[in-house]
Amino acid sequence: MFSAFALLLMVSVSACRETTEEKAEDAMESAADDMGDAMDEAGDAVEEAADETEAAVEEGAQEVEDEVEGNDDM
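This is a predicted model, so every value here is computed, not measured. (Residues numbered from 1 in each chain as written. Predicted model: local features only at pLDDT ≥ 70, side-chain atom pairs only at ≥ 80, totals over all residues. Heavy atoms only, no water.)

## Topic: the overall build of the chain
1) Next: In terms of helices and strands, the chain carries one helix and zero strands.
2) Next: Here the chain holds 74 residues, and 0% of them are scored as buried.
3) Next: Accessible surface computed for the chain: about 6,700 Å², of which carbon and sulfur atoms make up 60%. (Helix = DSSP H or I, 4+ residues; strand = E, 2+ residues; numbered from the N terminus. Buried < 20%, exposed > 50% of the residue type's maximum accessible area, 1.4 Å probe, protein only. Areas by Shrake-Rupley, 256 points an atom, 1.4 Å probe, with all protein chains shown as cover.)

Next up, the structure:
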């Protein structure tokens, strides 16, 4: 009888351990996915900022060129 209880206890502990390991693995995978998504969003933000900076530089260069050539509307 004690052997049966011991066996039952070992099986239940083993099952809990596997469940905990699976949960930990799932949590790590989820965290990795979240990190990947955050990196993608950060990359998109940097790319957008670079595009805006490029447009501002081109606009500024055009204004300087217009000023030098005397085509400035001001």
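## Topic: a nonpolar patch on the surface
1) Next: Taken together, the side chains of Phe2, Phe5 and Leu8 present a nonpolar region at the surface, about 410 Å² in accessible area.
2) Next: Checked against the element boundaries, Phe2 lands in helix 1 (residues 2-69).
3) Next: The class of Phe2 is exposed, set by a relative accessible area of 75%. (Patch = residues over 30% accessible without salt bridge, like charges linked within 9 Å, V, L, I, M, F, W, Y side chains within 5 Å. Salt bridge = Lys/Arg side-chain N within 4 Å of Asp/Glu carboxyl O.)

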